[in-house]
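Residue-level structure breakdown
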Amino acid sequence: MITVILIGGVAWVGLHEVRPAGPVYAQARPMNVQVVSLDWKWLFIYPEQGIASVNRLPVPVGTPLHFSITSASVMNSFFVPQLGSQIYAMGGMTTRLVLQADNAGTYTGRSVQFSGAGFSDMRFDVVALPPAAFDDWVKQTRAAGGTLDATSYARLVRPSIAVPPATFGAVMPKMFEAAIHNTAR
C-alpha cells in the first residue's frame, strides 16, 4: 500500500510540473511569437522583431518561447513533438504555450487536428539557431522586404495547400489582434 501511495505521489507532482502554459526556467530573456492557424498553413509573427514567417519558425536556442496562438479558420492544433506540448488554436481567442529548444537543429511542427483537404500538408519546421545566427536571420528577413498588412493577409488567409515557407520584413501593427477578431481581411 505504501508503494502505491509513493508512486501516486511522484506521478501527481510530476504531472503538475508539466504545464504547457507554465514558465520555462532559463537565463535568457523570453521571446514572444504570435501564431495564426490558417487553411492550411501557419503564420508566425515576431512582434518584437517586427517580422513574420509562413510555415517556418526560426528560433534562438536556449530562449524561452512564449507563444500566443489563435486560428483564423477552424479549430486546429499546434504541436512540436520534440519540444513538448500540443495546444489548440481556436478562432476568436488566444491560447498560450511556452516551449524552448535547448539544442540547435530542425524540429517538425504540425497540426494534429483534422481541418480539411490540406490537413496532411499543414506542417512547419522549427529551426533552432544559435542566437547570433537567429539575429542574422532577422536582419536578412527585414532586408528581404515585403509587408504583412491587410492586403497580404487577405491573400494569405485564402485556403491553399503545401505552401512553401515565406517571410515578411515588416508587419502591420496589431496584426495578431486583427486576426483574432477576424478584422484583418
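Residues numbered from 1 in each chain as written. Predicted model: local features only at pLDDT ≥ 70, side-chain atom pairs only at ≥ 80, totals over all residues. Heavy atoms only, no water.

Comments concerning the packing of aromatic side chains
Centre-to-centre distance and the angle between the planes together describe a pair of aromatic rings. Under the convention used in this document: Any Phe, Tyr or Trp ring, taking Trp's six-membered ring, that has another such ring centre within 6.5 Å forms a pair; planes under 30 degrees apart are called stacked, those over 60 apart edge-to-face, and the others tilted. Runs of H or I in DSSP of at least four residues are treated as helices and runs of E of at least two as strands, each being numbered from the N terminus. Buried, partly exposed and exposed residues are distinguished by accessible area as a fraction of the type maximum, computed with a 1.4 Å probe on protein chains only: under 20%, between the cut-offs, and over 50%, respectively.
A complete count under the given rule lists eight aromatic pairs for this structure. Consider the rings of Phe67 and Phe78, whose centres lie 5.2 Å apart with planes at 50 degrees: the pair is tilted. Remark: Phe78 occurs in strand β6 (residues 76-79) and Phe67 occurs in strand β5 (residues 65-71); sequence separation between them is 11 residues. Phe78 carries the same exposure label as Phe67, and that label is buried. Among the aromatic residues, those joined into a ring-pair cluster are Trp42, Phe44, Phe67, Phe78 and Phe124.

Focus: helix α2 (residues 131-144)
Under the convention used in this document: For a helix, the expected span equals 1.5 Å multiplied by the residue count minus one. Any two residues whose heavy atoms approach within 4.5 Å are treated as being in contact.
The end-to-end C-alpha distance of α2, which contains 14 residues, comes to 20 Å, matching closely the 20 Å that a straight helix rising 1.5 Å per residue would cover. Check the buried side of α2 and you find it contacts β1 (31-38), β2 (41-46), β3 (51-54), β4 (56-60), β10 (123-129) and β12 (166-168). Directly after α2, the chain includes Gly145, whose backbone phi takes a positive value near 80 degrees.

Section: the pairing of strand β8 (residues 95-99)
Where we set the bar: At least two DSSP bridges between two strands are needed for those strands to be called paired.
Where burial is concerned, most of β8 is hidden: four out of the five residues are buried. The sheet contact formed by β5 and β8 spans five bridges and is antiparallel. By the bridge assignment for β8, Phe67 is matched with Leu97.

Digging into the nonpolar core
Note the following rule: Only buried residues count toward a nonpolar core, which is a set of Ala, Val, Leu, Ile, Met, Phe, Trp, Tyr and Cys residues joined through side-chain atoms within 4.5 Å.
Phe44, Tyr46, Leu57, Phe67 and Phe78 are the most contacted members of the largest nonpolar core, which totals 32 residues. Counting residues per element, the ones that place at least two in this core are β1, β2, β4, β5, β7 (86-89), β8, β10 and α2. Among the elements that line this core, the one with the most residues is β10, at five residues. For Phe67, the contacting residues outside a window of four places in its chain are Val33, Val35, Leu57, Phe78, Thr95, Arg96, Leu97 and Leu99. In terms of nonpolar packing, the next biggest core, distinct from the first, is built from 16 residues, Leu38, Met175, Phe176 and Ile180 among them.

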